[in-house]
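Close look at the chain arrangement
The primary structure of each chain is shown beneath.
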Amino acid sequence: MLNTKSLCCIRGTRYSSVIFAFLLIIVLSESVFAQSGRVEGTVIDAETEEQLFGVNIYIEELGTGTTTNSEGYYSIVNVPPGEYSLRVTYVGYAQTRAQGVEVNIDQTTTIDIEMQPEAIAGEEVVFVAERPVVERDVSASTRNIGRQDFENLPAADLGSVVGLQAGIQGLQVRGSDPDQLSFQLDGLALRDERDNTPFTGVSYTAIQEIQVQTGGFNAEYGDLRSGLINIVTREGHRERYQGDVVFRYRPPGNKHFGPSHNNPDSYFIRPFLDDEVAWTGTDNGNWDRYTQDKYPGFVGWNTIAENTMQDGDPSTDLTPRAAQQLFLWQHRKEFDITEPDYDLDMSFGGPVPGIGQYLGDLRFFASYRRSQNMYTVPLSRDRYTDYTGHLKLTSDITEGAGMKLTLEGLFGRQTGTNSNNSGLPGIFTTTSGILGGDGTQGGGMSRVSYIESRKYSTDYWAPTQVDRFMVGGKFTHTLSSDTYYEARLNHFVSDYDTNPGRARDTGCVQEFGNNYCADEAPFGFYPGPSDGIGSGMRMGVGMSNSRDSSYVGTTNFEFDITSQLNRYMQVKTGVHFVHTNSQVNYAAVDEFLPSGRTRSAWNKQPLRGALYGQTKLEFEGMVANLGLRMDYSHANTDWYEYDDFEEAFAAGYDLDEELEKVPTEHQVNLSPRLGVSFPITVDSKLYFNYGHFRSMPTPENLYMVREQIIDDQVTRIANPNIALPKTVSYELGYEHSLWDAYLVRVAGYYKDVSNQPALVSYQSMDGRVEYSVSHPWNFEDTRGAEITLEKRRGDFIRGFINYTYMIDSWG
């Protein structure tokens, strides 16, 4: 159990739930976000144009196939994304092979085949299938990025590839925050439910296909409001080994313009070293007014030394020269970058040697990525590192019966310096984050307060580490060429550790003058008062205030079944269950100045579920996706009953003793979805989509009780019954193919966002009660337009250009 009054967690038993989840995978296996497509078409006699019945269609790489019906029509469902060869055979006709058949996630690939009467025994007709530039069955702004595409992009990681797409900046999709995004790896959810943000640390070389969708999501997708990123990783080949390595290297070197921070001419150093002003002060007249305004004011070392001799303590007496040397000691931090930045990404896969052939052609694909980014200014750590290992095992349990089992495991670790002093998640990752800062990076060096402490000490922010661990599996059973079901189970863990670094050596480390003994400052963590000489740089108090020992584990189980009822109609239905183990424990701690410092801790087990049904109708002049989703959510806890100006929120009270608790509410929401594509010609289409989408609030809005450490006064309380944030979106788009190589897409959209959490403050007349609580009162209206020009084919030049225009209103 988590002690809500404690600032650390018991870690020894955490991974027992992970072991249990892994065992459960072996028993149950796993389920479904659409990670496959469909191949269909018609087979005719090339001379008479008659439809041929009973023709054998076989996908060579998968070992599956079907036969044509009386209308010469065939359909094969549950085809993983990739490029395949179709072998077509029929008595009396030459064998035909279609190469380069490209299948994308959740889309239909149409391959119509003309068979030639066999003139010579054993002859074969081979042709290369070419995917149309305008994909008629896509009713939303969707981009499928294959291996050939993203390997040629100027990007070193998955987030950079996604950020290049229209309407996306970083992981913000059409103006919405990353917590409204759904990120899937082979259908397994990679969501950190500490703050609902996606984990994107996937190996670049392991990716088979990326699908980026910015609107019009089918009913099978839940807990998203802005965007969907589907990642399908490569499978090991049955018969051969294959691998890739990508390495990028930046030699050591400074990442800023101008002199180093400890250069004698730098802003914070020159007034204290320049002999023209260092001894008698910057206002002594030796500097002109322009130079004087460029640097901090300083009274001079003569005055500083005189003050040390007037305090009655001989051990602190310093001469002007000794005082200056002490200043240099306290500003001795090295800023030169002596190690490189690099990105290493490699993968390798193939048949499992020795036993693979006896276990359903068991094959593996393993990948590893590691990146290092040296900080512009060394902090409690001098670099950000990020690495991920991923292993995927695939077995065709019974090839003839169409049973397939996939097991996956992933481990990732991020280390660096925490980007805030409040205990919230966040790591400095970029130069801009450290020097300029933004809302996610805690302000960096851009804040004026204690800027010298941020630069010249090591421990203004605390070192931090985040571990991620995922195990999952998928079991697929193809009942026929038209029907299959999937079951999916995965467990994803995020484990946070943010605490101060090593303690400062407060002994006599360096002597100055005859008597003065200096400790290790400003290096090392020290929670008490400690100020630098001359400049008054803070070297203690307010340092490394962040504490975080949170652990969040999420288990997802899904099951669905898909059936192609006839040539025109496909139906799909499924269920989804999510259980979260949320053990959150963080605080802002200052031993010397505890006033205003707060802690937040909870141990909760929220539950979610969903049931959906959808159909895909495909006609010559229209393709429609219709669906309805029912979502269930329950905070699964008892919560406080209180009045708006509850006395128990004041200092000195214990909520659990003062207030009664009642069970939280069960919430059920219905979300209709509609997407329609109208092929106008072979080279153009018009599409429209509409839908209701909901996502979970952040855990702070469900479970937080923030109390001041010094007196237990409540400063913020959550609302576990808060309505789920809702987005109603509309999109209208047009696509046109030019010269069978270029795609032009123009799309306009509108998003009506409601039920967004808003912090509302309450304060009693006497000021004893003062707190904030979340209410679903915020709204947002987002409308915009996107234009994309993409060259999809060509041997030498391929690429795309995007233009995005967006207006956002909120209140």
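Residues numbered from 1 in each chain as written. Predicted model: local features only at pLDDT ≥ 70, side-chain atom pairs only at ≥ 80, totals over all residues. Heavy atoms only, no water.

1. A word on the side chain of Asn-196
Going by this rule: Starting at the N terminus, helices and strands are each numbered in turn, a helix being any DSSP run of H or I of at least four residues and a strand any DSSP run of E of at least two. For every residue, the accessible area obtained with a 1.4 Å probe (protein chains only) is divided by the maximum for its type, and the residue is called buried under 20%, exposed over 50%, and partly exposed between those limits. Polar contacts here mean pairs of N or O atoms no more than 3.5 Å apart (in protein, one a potential hydrogen donor and the other a potential acceptor; neighbouring residues in sequence count only if both atoms are side-chain atoms). In what follows, residue pairs with any heavy atoms lying within 4.5 Å of each other are defined as contacts.
Positionally, Asn-196 belongs in the loop between strand S15 (191-192) and strand S16 (197-198). Overall, the relative accessible area of 4% leaves Asn-196 in the buried class. A polar contact of 3.1 Å, which involves the side chain of Asn-196, links it to the backbone oxygen of Pro-697. Leaving out residues up to four positions away in the same chain, Asn-196 has contacts with Pro-178, Asp-179, Arg-191, Met-696, Pro-697, Thr-698 and Pro-699.

2. Considering the state of the cysteines
Linking two cysteines covalently through their sulfur atoms gives a disulfide. Which entries qualify depends on this criterion: Cysteine sulfur atoms that pair up within 2.5 Å are treated as a disulfide.
On inspection of all chains with the given rule, the structure shows one disulfide. The partner cysteine of Cys-508 in its disulfide is Cys-517, sulfur to sulfur 1.5 Å.

3. Observations regarding helix H6 (residues 301-308)
Worth spelling out the cut-off: Directions pointing from the helix axis toward each C-beta atom define the arc.
Where H6 is concerned, the buried positions are Trp-301, Ile-304, Ala-305 and Thr-308. Here the buried residues of H6 occupy an arc of 95° about the axis, which is enough to place them on one side. Taken together, the buried residues of H6 touch helix H4 (270-273) and helix H7 (320-330).

4. What about unusual backbone geometry?
In this chain, Ala-521 is followed by Pro-522 through a cis amide linkage whose omega measures 10°. The topology assignment puts Pro-522 in the loop between strand S27 (516-518) and strand S28 (546-548). For Asn-755, which is not glycine, the phi torsion reads 60° and is therefore positive. With respect to the helices and strands, Asn-755 occurs in strand S41 (residues 742-763). Residue Asn-755 is classed as partly exposed on the basis of its relative accessible area of 24%.

5. Some details on the pairing of strand S17 (residues 207-213)
Along any regular strand the residues' side chains alternate between the sheet's two faces. Quick note on the threshold: DSSP calls a pair of strands paired once it identifies at least 2 bridges connecting them.
Burial analysis of S17 places six of its seven residues in the buried class, the great majority of the element. Taken together, the five bridges between strand S10 (residues 142-146) and S17 define a ladder with antiparallel strand orientation. Paired with Ile-145 across the two strands is Ile-210, which belongs to S17. Sheet analysis places S17 next to strand S18 (residues 227-233), joined by six bridges and oriented antiparallel. Paired with Gln-211 across the two strands is Asn-230, which belongs to S18.

6. Some remarks on the nonpolar core
To keep things clear, this is the line we draw: Here, nonpolar core means buried Ala, Val, Leu, Ile, Met, Phe, Trp, Tyr and Cys residues that are tied together by side-chain atoms lying within 4.5 Å of each other.
Ranked by size, the top nonpolar core spans 36 residues in total, and within it Trp-301, Leu-379 and Ile-533 carry the most contacts. Here this core gets five residues from one element, more than from any other, and that element is H7. With residues up to four places along the chain from it excluded, the contact list for Trp-301 reads Phe-272, Ala-278, Trp-279, Pro-320, Ala-323, Gln-324, Phe-327, Ile-533 and Gly-534. One finds Leu-702, Tyr-703, Ala-718 and Val-769 within the second-largest nonpolar core, a separate group that totals 27 residues.

7. Re the pattern of salt bridges
Note the following rule: What makes a salt bridge here is a side-chain nitrogen of Lys or Arg within 4 Å of a carboxyl oxygen of Asp or Glu, nothing more.
Applying the stated criterion to the full structure yields 37 salt bridges. For Glu-220, the salt bridge is made with Lys-572, and the minimal N-O distance between the two is 2.9 Å. Taken together, the residues Glu-220 in the loop between S17 and S18 and Lys-572 in strand S30 (residues 569-588) connect sequence positions 352 residues apart. Exposure remark for Glu-220: the relative accessible area of 2% places this residue in the buried category. Accessibility expressed as a relative area gives 6% for Lys-572, which makes it buried. The salt bridge involving Asp-631 is made with Arg-629; its shortest N-O contact spans 2.9 Å. Judged on exposure class, the residue Asp-631 and its partner Arg-629 are both buried.

8. Thoughts on the environment of His-666
Of note, His-666 is situated in strand S36 (residues 666-681). On the basis of relative accessibility, which here comes to 52%, the residue His-666 falls in the exposed class. Spatially, the C-alpha atom of His-666 lies 35 Å from that of Ile-427, the residues being 239 residues apart in sequence. Dropping the residues within four chain positions of it, His-666 is found in contact with Tyr-632, Ser-633 and His-634.

9. Some points on the sheet that holds S18
Overall, mixed pairing links the five strands, which are arranged S10-S17-S18-S13-S14 in an open sheet. Bordering the open sheet on either side are S10 and strand S14 (188-189), each of which pairs with just one other strand. Alignment of strand S13 (residues 181-185) against S18, held across five bridges, turns out to be parallel. Paired with Leu-185 across the two strands is Ile-231, which belongs to S18.

10. So, the environment of Asn-490
Along the chain, Asn-490 falls in strand S25 (residues 483-498). Residues Asn-490 and Phe-557 lie 67 residues apart in sequence; the distance between their C-alpha atoms is 6.8 Å. Asn-490 has contacts with Leu-188, Ala-189, Met-470, Val-471, Gly-472, Thr-554, Thr-555 and Asn-556, leaving out every residue within four places of it along the chain. In terms of polar contacts, Asn-490 uses its side chain to reach the backbone carbonyl oxygen of Ala-189, at 3.4 Å.

11. Quick word on the pairing of S30
Here S30 lies mainly inside the structure; 14 of its 20 residues are buried. With 14 bridges joining them, strand S29 (residues 551-564) and S30 adopt antiparallel strand pairing. From the neighbouring strand, Ile-561 faces S30, where its bridge partner is Thr-573. Between S29 and the antiparallel strand that follows it, S30, lie four residues. The sheet contact formed by S30 and strand S32 (residues 607-618) spans eleven bridges and is antiparallel. Counterpart to Val-578 in the pairing with S32 is Arg-608. In the sheet, S30 pairs with strand S31 (residues 598-604) via six bridges, with the strands oriented antiparallel. Paired with Asn-585 across the strands is Ala-601, a residue of S31.

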